[in-house]
Amino acid sequence: QAKQLGRNTWQWFAQEMNTQASYRVNLRNQLQDAIDNEALTVFYQPVIDSRTGQARSVEALVRWKHPEQGLVSPVDFIPLAEETGQIVALGKWVLGQACRDMVRLHAAGFRDCSMAVNVSPVQIRKADFVDVVKQALQASGLAPASLELEVVESAVLYDTDLVIRTLHELRDLGVRIAIDDFGTGFSSLSYIKLMPANKIKIDRSFIKDVIQNRSDAAITQGVISMAHHLSLEVVAEGVETEAHAAFLRRNHCDLLQGFAFARPMPYADLINYMNEHGSRRGHSAQTNE
Ligand code: C2E
Ligand code: MG
Ligand code: MG
Ligand code: MG
């Protein structure tokens, strides 16, 4: 009986493994297809100046236009793309698209708005990464100072010297660096000292309960204070309610990002959003480009 059960369990397990493996191969092929045929799209989420309420930048967030599943979240394919290396081509495409869209937004009059693009730890280790960034800037005509690259702190956990050197080269180009999901990586505060960053993004897991949880409140206040003492700007992610925003304003958080202000949206909606909430400099004509 036990032997029988054991064997069934093993068979079930083997079958399950097999299904998972072929599921993954299938998913990888589908993703390759999406990259090759540009079945990806980039959404943009505004980041708000906590004092003026105006959008200062937008974050590029990729989505996959899946034929059956509709818009697939990056949470469901970025990890796979990192494992297979597909993130390199995918990330390059997102960077190019984001730069081109920001040039369009500047042409529409929102010249102070900058573009934030997520960079995977896998991408940043590639020897030609700095060239890829230069190329995206040159091809689009976007000024380097209008581009911000978001890197998680754990990106410097391995190959620390290589990654830090790359970050310095990017800073030398004039590109800005933000540390994403701050406080969640298995990294040490000493990396903060090493990373040539302009900005820290407090992970949304600290913001979620910041009103009722004293530890989250203390950590959030501490990170804001630390960032300012390091002359870094600080963004809170996952600002979902007016209470969150009020707490963060009271504690001098520079920038706010979250559903309380805007969800990630396609470029066409972003233009409308900016017409209402953006800051215009240069020419003053309204546009619906
Ligand atoms: P992230 O860089 O930390 O991006 C913020 C995520 O939080 C986005 O999820 C955004 O939609 C979500 N978010 C924003 N405001 C709120 C809020 O108020 N409440 C809640 N619950 N969530 C909020 P999204 O778009 O699903 O992206 C998830 C992650 O996927 C990103 O986290 C980033 O790590 C990764 N990702 C997205 N696009 C790219 C990309 O082009 N390249 C790379 N390497 N990673 C990307
Ligand atoms: Mg990010
Ligand atoms: Mg984040
Ligand atoms: Mg995140």
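- The protein chain has the name cyclic-guanylate-specific phosphodiesterase in an unreviewed UniProt entry, where Marinobacter halophilus is given as its organism.

**Quick word on the overall build of the protein chain**
And then number 1: When helices and strands are counted, the protein chain shows 11 helices and nine strands.
And then number 2: Per-residue burial over the protein chain gives 46% buried out of 289 residues.
And then number 3: Taking the contacts inside the protein chain whose residues are at least 6 apart along the sequence as the reference set, 65% of them involve residues at least 24 apart.
And then number 4: Accessible surface, the protein chain: about 15,000 Å² in total, of which carbon and sulfur atoms supply 51%.

**A word on the environment of histidine 277**
And then number 1: Tracing the sequence through the fold places histidine 277 in helix H11 (residues 267-277).
And then number 2: Sequence-distant contacts of histidine 277, defined by excluding residues within four places in its chain, comprise Gly53, Gln54 and Ala55.

**Comments concerning the coordination of the magnesium ion (ligand 2)**
And then number 1: At 2.0 to 2.2 Å from the magnesium ion (ligand 2) lie its protein donor atoms, namely Glu59 (OE), Asn118 (OD1), Glu150 (OE) and Asp180 (OD).
And then number 2: Read in sequence order, the donor residues for the magnesium ion (ligand 2) give the motif E-x58-N-x31-E-x29-D.
And then number 3: Separating the magnesium ion (ligand 2) from the magnesium ion (ligand 3) is a gap of 4.0 Å, bridged by aspartate 180, which donates to each. Highlighted residues: glutamate 59 in strand E2 (residues 55-66) and asparagine 118 in strand E4 (residues 114-118), separated in sequence by 59 residues.
And then number 4: The class of glutamate 59 is buried, set by a relative accessible area of 4%.

**A look at the state of the cysteines**
And then number 1: If you walk through the whole model with that rule in mind, you get zero disulfides.
And then number 2: The closest cysteine sulfur to the non-disulfide-bonded cysteine 99 is located on cysteine 113, 13 Å from its own sulfur.

**Here's the deal with the site of ligand 1**
And then number 1: Taken together, the neighbourhood of ligand 1 is formed by 24 residues, with Arg63, Asn118, Asp180, Glu240 and Phe259 sitting nearest.
And then number 2: Within the side chain of aspartate 180, an N or O atom sits 2.9 Å from an oxygen atom of ligand 1.
And then number 3: Between ligand 1 and arginine 204 there is a distance of 3.4 Å, counted from a nitrogen atom to a side-chain nitrogen or oxygen.
And then number 4: Coverage of ligand 1 by the protein chains reaches 86% of its 800 Å² of free accessible surface.
And then number 5: Of all the secondary-structure elements, those providing two or more residues to the shell around ligand 1 are E2, helix H3 (87-107) and strand E6 (176-182).
And then number 6: Class assignment of the residues belonging to the shell around ligand 1 gives a composition of 10 nonpolar, six polar and eight charged.

**So, the coordination of the magnesium ion (ligand 3)**
Four donors placed tetrahedrally around a metal ideally meet at 109.5 degrees, and six donors placed octahedrally ideally meet at 90 or 180 degrees.
And then number 1: The magnesium ion (ligand 3) binds to the protein through Asp180 (OD), Asp181 (OD), Glu237 (OE) and Glu237 (OE), with metal-donor distances spanning 2.0 to 2.4 Å.
And then number 2: Each donor residue of the magnesium ion (ligand 3) lies on one chain, and together they are spaced D-D-x55-E.

Reading the values: rules and limits
- Residues numbered from 1 in each chain as written.
- Chains lettered and ligands numbered in written order.
- Predicted model: local features only at pLDDT ≥ 70, side-chain atom pairs only at ≥ 80, totals over all residues.
- Heavy atoms only, no water.
- Helix = DSSP H or I, 4+ residues; strand = E, 2+ residues; numbered from the N terminus.
- Buried < 20%, exposed > 50% of the residue type's maximum accessible area, 1.4 Å probe, protein only.
- Contact = heavy atoms within 4.5 Å.
- Areas by Shrake-Rupley, 256 points an atom, 1.4 Å probe, with all protein chains shown as cover.
- Donors = N, O, S within 2.8 Å, 3.2 Å for Na, K, Ca; no water.
- Disulfide = S-S within 2.5 Å.
- Near = heavy atom within 4 Å.
- Polar contact = N/O pair within 3.5 Å; in protein donor to acceptor, adjacent residues only side chain to side chain.
- Nonpolar A, V, L, I, M, F, W, Y, C, P; charged D, E, K, R; others polar.

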